[in-house]
Amino acid sequence: MTMRDIVLWPDTRLTELCARIAAITPEIETLATDMLETMYDAPGRGLAGPQVGAMQRIFVMDTEWKEGSPAPMVFINPEIETCSKTQAVQGEGCLSIPGVAVEVSRPAEVTLRWTDLAGKAQRRMFSGFAAACVQHELDHLNGIVTLDHLTEAARASVEADYADTLS
């Protein structure tokens, strides 16, 4: 296992659409293991391929480890099947935009399908924090960051504050 560097905003890789993964190779398995190690070390609850410079449709998540036992999950080529009409607003942080949390409105429940590391098709409904997390990570695979959910004025303010922390 290798710790990977986390790509920080405004790196343009965070705005790019990621490529589908054609096959689960030993390289993909290593990437997933490295991403989990990097996520836990950060310490985060989710991490997407582009956040470590891998422009592929993969993310890892563990929404339970900070409050209990680790429950790592690897999502390859994830897609949302259904979304609830009910929205939930939560503060979201991002390992690629450290120190910044913004309020994001998302569907309160989503049904996601993906392929796991064993090559098996998976399907599951997520709600609450886990729903927000899978949507946040899936956004990364589509070149979207939390700042993209803000109004133009709110985004300008947050970006100015973030730029101050970098200098």
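Refer to the structure presented above.
Below or above, wherever it landed, is the structure these notes cover. (Residues numbered from 1 in each chain as written. Predicted model: local features only at pLDDT ≥ 70, side-chain atom pairs only at ≥ 80, totals over all residues. Heavy atoms only, no water.)

1. A short note on the sheet that holds strand S7 (residues 121-127)
Argument step 1. The sheet built from 5 strands is open, its strands ordered S1-S2-S3-S6-S7 with antiparallel pairing. Strand pairing shows two members of the sheet lacking a second neighbour, strand S1 (46-48) and S7, which therefore form its edges. On average, each strand axis in the sheet is tilted by 40° relative to the strand beside it, whichever way the strands run.
Argument step 2. In the sheet, strand S3 (residues 73-83) pairs with strand S6 (residues 109-115) via 5 bridges, with the strands oriented antiparallel. Along S6, the bridge assignment pairs Cys83 with Val110.
Argument step 3. Against the sheet, helix H1 (residues 26-41) engages S1, strand S2 (58-61) and S3, with an angle of about 40° to S2. (Pairing = 2+ DSSP bridges. Helix = DSSP H or I, 4+ residues; strand = E, 2+ residues; numbered from the N terminus. Axes fitted to C-alpha atoms, helices over the stretch in contact; angles between N-to-C directions. Contact = heavy atoms within 4.5 Å.)

2. Looking at empty space enclosed by the protein
Argument step 1. Following the criterion strictly, the structure yields 1 cavity of 30 Å³ or more and no others.
Argument step 2. In this structure, the largest cavity occupies an estimated 40 Å³ of space.
Argument step 3. Of all elements in the fold, only strand S4 (87-93), strand S5 (101-107) and helix H2 (128-141) reach the threshold of two or more residues within the lining of the largest cavity.
Argument step 4. Considering every element that reaches the lining of the largest cavity, the biggest residue donor is H2, with 4 residues.
Argument step 5. Counted by class, the lining of the largest cavity contains 6 nonpolar, 3 polar and 2 charged residues. (1 Å grid on protein atoms, 1.4 Å probe; cavity = no way out; pocket = protein on both sides within 12 Å on 5 of 7 lines; lining within 4 Å. Points joined across faces, edges and corners; volume = space filled by probe spheres on them. Nonpolar A, V, L, I, M, F, W, Y, C, P; charged D, E, K, R; others polar.)

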